[in-house]
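Commentary on secondary and tertiary structure
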Amino acid sequence: MNQIDYSLYLVTNNSENEEKFLKTIEEAILGGVTIVQLREKTSSTLNFYNLALKVKKITDKYEIPLLINDRIDIALAIDADGVHLGQEDMPCKIARKLMPNKIIGISASTVEQALKAESEGADYLGSGAVFPTSTKDDADFVSINQLKKIVRSVNISVVAIGGINEENTSKLVNTNIQGISVVSAIMNSDNPKIASENLLKRFKNKK
């Protein structure tokens, strides 16, 4: 797998206004987003597939990796760069057999989950929620100390997730994470480009 830059990892939210949704993603990439995860929890398979094709046109244009949340079938159908899987999704070792040359990310909130994901072929971990978040009601909480333990326990990249914004990014200093995963702070911003620039700047400065 080529070296992936996880510094500013955008996870999408509600896509009801498709035109605005796609514009937000493009503006975010122009502002410095380095990887995009398309997350559609309520869409039908057909709608998810069609939207994924449109998002992939944007990410391909800027040569940014596109990952699909949960749905390996969608990822394979559009030839996305990979998937992100939760603890209740397809086991990583099975996903790796289906996608031998793709990026696979796994949500991990404990050292045990992190070690298992690494042993089964995960490329990176999404660890959190490090701060309170409104985008995932059932998110496990991961303290800063726990995040540090997870980072130290594995040799793959770790991305902090959950409630991250411009104000609290500085609290992740000295955790040695490879990136921050952001939803609302970009997707709900009036200026996604500026929001992305500011988040990336703060992460790089505090890393």
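Bear in mind that the values here come from a model prediction, so they are computed numbers and not experimental data. (Residues numbered from 1 in each chain as written. Predicted model: local features only at pLDDT ≥ 70, side-chain atom pairs only at ≥ 80, totals over all residues. Heavy atoms only, no water.)

**Quick look at the packing of helix H5 (residues 111-119) against helix H6 (residues 144-153)**
Cut-off, in case you're wondering: The angle between two axes is taken between their N-to-C directions and runs from 0 to 180 degrees, where each axis is a line fitted to C-alpha atoms and a helix contributes only its stretch in contact. Secondary structure elements are taken from DSSP: a helix is a run of H or I of four residues or more, a strand is a run of E of two residues or more, and numbering for both begins at the N terminus. Here the angle decides the label: under 35 degrees means roughly parallel, over 145 means roughly antiparallel, 65 to 115 means roughly perpendicular, and every other value means oblique. What makes a crossing left-handed is the near helix being turned counterclockwise from the far one by less than a right angle; a clockwise turn instead makes it right-handed. Whether two residues touch is decided by their heavy atoms; if any such pair falls within 4.5 Å, the residues are in contact. We call Asp, Glu, Lys and Arg charged. Ala, Val, Leu, Ile, Met, Phe, Trp, Tyr, Cys and Pro are nonpolar, and the rest, Gly among them, are polar.
Closest axis-to-axis distance for the H5/H6 pair is 9 Å, and the angle between their directions is 25°. In terms of orientation, H5 lies roughly parallel with respect to H6. Here the hand of the crossing between H5 and H6 comes out right-handed. Here Val111, Ala114, Leu115 and Glu118 of H5 come into contact with H6, specifically with Gln146, Lys149, Ile150 and Ser153. Partitioned by chemical class, the residues of the contact of H5 with H6 number 4 nonpolar, 2 polar and 2 charged.

**So, the layout of surface pockets**
Condition: Within this scheme a cavity is a closed region of a 1 Å grid, computed over the protein atoms alone, that accommodates a 1.4 Å probe without allowing it to escape, whereas a pocket is open but has protein on both sides within 12 Å along at least five of seven lines; lining residues each have an atom within 4 Å of a point. Grid points are joined across faces, edges and corners, and a volume is the space filled by probe spheres set on the points.
By volume, the second largest pocket amounts to about 200 Å³. Together, Thr12, Asn13, Asn14, Ser15, Glu16, Arg39, Glu40, Lys41, Thr42 and Ser43 line the second largest pocket. Across the lining of the second largest pocket, the residue classes break down as no nonpolar, 6 polar and 4 charged.

**Details of the pattern of salt bridges**
For clarity, the cut-off: Only one rule defines a salt bridge in this text: a Lys or Arg side-chain nitrogen within 4 Å of an Asp or Glu carboxyl oxygen. Think of it in three bands: with a 1.4 Å probe and only protein chains considered, a residue is buried below 20% of the maximum accessible area for its type, exposed above 50%, and partly exposed in between.
Scanning all chains against the criterion turns up 9 salt bridges. Residues Arg71 and Asp73 are paired through a salt bridge, measuring 2.8 Å at the closest nitrogen-oxygen approach. The class of Arg71 is partly exposed, set by a relative accessible area of 23%. On the basis of relative accessible area, Asp73 is assigned to the partly exposed category, the value being 42%. The salt bridge involving Arg202 is made with Glu166; its shortest N-O contact spans 3.7 Å. On the criterion of sequence distance, the pair formed by Arg202 in helix H8 (residues 192-206) and Glu166 in the loop between strand S7 (157-160) and strand S8 (179-182) is long-range, its members being 36 residues apart. For Arg202, a relative accessible area of 39% corresponds to the partly exposed category.

**Considerations on the nonpolar core**
The test is simple: Note on terminology: a nonpolar core comprises buried Ala, Val, Leu, Ile, Met, Phe, Trp, Tyr and Cys residues joined through side-chain atoms within 4.5 Å.
With 55 residues, the main nonpolar core has Leu38, Ile68, Leu125, Leu172, Ile177 and Ile180 as its most contacted residues. Formed by 10 residues, the second largest nonpolar core is a distinct cluster that contains Ile4, Tyr9, Leu67 and Val159.

**A short note on the side chain of Thr59**
The test is simple: Any pair of N or O atoms that falls within 3.5 Å is considered a polar contact. Within protein, one atom must be able to donate a hydrogen and the other to accept it, and sequence-neighbouring residues count only if both atoms are side-chain atoms.
Here Thr59 shows up in helix H2 (residues 45-61). Of the polar contacts made by the side chain of Thr59, one reaches the backbone oxygen of Lys56; its length is 3.2 Å. For Thr59, the contacting residues outside a window of four places in its chain are Ile29, Val36, Ile64 and Leu66.

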